[in-house]
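Structural features, examined
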Amino acid sequence: MATEHRELWIAGAGGVGREALDTALAAGVPVAGFLDDRGHGGTVRGLPVRRPDDIPAGARYLVGIADPAVRQRLAALLDAGGAVPATLVHPRALIAPDTELGPGCLVMGGAYVSSSVRLGAHSQVHYNATVGHDSVFGERVTVYPGGNVSGAVLLADGATVGSNAVVLQGRRIGANAFVGAAAVVTRDVPAGEVVVGSPAGPLVRTPPR
């Protein structure tokens, strides 16, 4: 958890970035500003927006972007510049004992992360989402608002669980797979696959006419 109160830079000034700011304010963590190529030179909610490569060496950062691939790119850029990833937990989130959060994790208000869970670097558990006991996340895993990950689930690097989706006990979600909103995962999901529905199955894409 973020216990030091050195100022934090949030990479990404969009929706998740502003929610990360809300989390920081609730946790009493000062925020220096946002890092965003598109909005640099302006302000967002009264804070300056700079380019990511303008972050001071040794500064603390958190990537407030939902897309795991963009999160990976920005984290690598900021690490190379000498910045340090910080983990941020909302005071109204519950983190059970014997649970480890990797560097750069974001846990929003109302989230519950159960016991003996491991969250990899730069993972996100959004508001009102739950993660069951003994689950293991790779890096840059995302659980959207209201998502429910049951116990002993493995989510590989870059996997995403959509809003109000459910992943049943002991399932395996492959790298960069995406579980659609409100889907119910009853079987393992291969790497890179998008699944939807209940029970969840591969998304069928209609070819253009």
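See the structure shown above.
Quick look at the structure, then. (Residues numbered from 1 in each chain as written. Predicted model: local features only at pLDDT ≥ 70, side-chain atom pairs only at ≥ 80, totals over all residues. Heavy atoms only, no water.)

**Let's talk about the sheet that holds strand 22 (residues 178-179)**
- Taken in spatial order, the eight strands of this open sheet run 7-10-13-16-19-22-24-25, and their pairing is mixed. Looking at the sheet topology across the chains shown, the edges are occupied by strand 7 (88-89) and strand 25 (201-202).
- Where strand 24 (residues 194-196) meets strand 25, two bridges bridge the pair, whose relative direction is antiparallel. Note on strand 25: the bridge partner recorded for Val196 is Gly201. (Pairing = 2+ DSSP bridges. Helix = DSSP H or I, 4+ residues; strand = E, 2+ residues; numbered from the N terminus.)

**Side note on the pairing of strand 1 (residues 8-11)**
- By the alternation rule, side chains of strand 1 split into Leu8 and Ile10 and Trp9 and Ala11, which are all buried.
- The sheet contact formed by strand 1 and strand 5 (residues 60-63) spans four bridges and is parallel. Within the sheet, the bridge partner assigned to Leu8 lies in strand 5 and is Arg60.
- Examined bridge by bridge, strand 1 and strand 2 (residues 31-35) share four bridges and lie parallel to one another. Among the inter-strand pairings, Leu8 is bridged to a residue of strand 2, identified as Val31.
- In the classification by handedness, the crossover that spans strand 1, the intervening helix 1 (residues 15-27) and the parallel strand 2 is right-handed. (Buried < 20%, exposed > 50% of the residue type's maximum accessible area, 1.4 Å probe, protein only. Right-handed = clockwise from strand over helix to strand, strands pointing away.)

**A short note on unusual backbone geometry**
- Here the bond from Ser198 into Pro199 is cis, since omega is -5°, no more than 30 degrees from zero.
- Mapped onto the secondary structure, Pro199 falls in the loop between strand 24 and strand 25.
- Non-glycine residue Asn128 carries a positive phi angle of around 65°.
- You can see Asn128 is positioned in the loop between strand 13 (124-125) and strand 14 (130-131).

**Examining the pattern of salt bridges**
- The tally for this structure, following the rule as stated, stands at six salt bridges.
- In this structure, the salt-bridge partner of Glu100 is Arg118, at a minimum N-O distance of 3.7 Å. Taken together, the residues Glu100 in strand 9 (residues 100-101) and Arg118 in strand 12 (residues 118-119) connect sequence positions 18 residues apart.
- Here Arg118 falls in the partly exposed class, since its relative accessible area comes to 27%.
- For Arg171, the salt bridge identified is with Asp188, shortest N-O distance 3.5 Å. Placement of Arg171 in the loop between strand 20 (166-167) and strand 21 (172-173) and of Asp188 in the loop between strand 23 (184-185) and strand 24 is noted, with a sequence separation of 17 residues between them.
- By relative accessible area, which is 24% here, Arg171 ends up partly exposed.
- Taking relative accessible area as the criterion, Asp188 reaches 44% and is therefore assigned partly exposed. (Salt bridge = Lys/Arg side-chain N within 4 Å of Asp/Glu carboxyl O.)

**Considerations on the nonpolar core**
- The biggest cluster of nonpolar side chains holds 29 residues, and the ones touching the most others in it are Val107, Leu119, Val125, Phe137, Leu155 and Ile173.
- Residues contacting Val107, with those up to four places away along its chain left out, are Thr23, Leu88, Val89, His90, Ala93, Ile95, Leu101, Val113, Leu119 and Val125.
- With 19 residues, the next largest nonpolar core counts Ala20, Val29, Val44 and Leu88 among its residues. (Core = buried A, V, L, I, M, F, W, Y, C linked by side-chain atoms within 4.5 Å. Contact = heavy atoms within 4.5 Å.)

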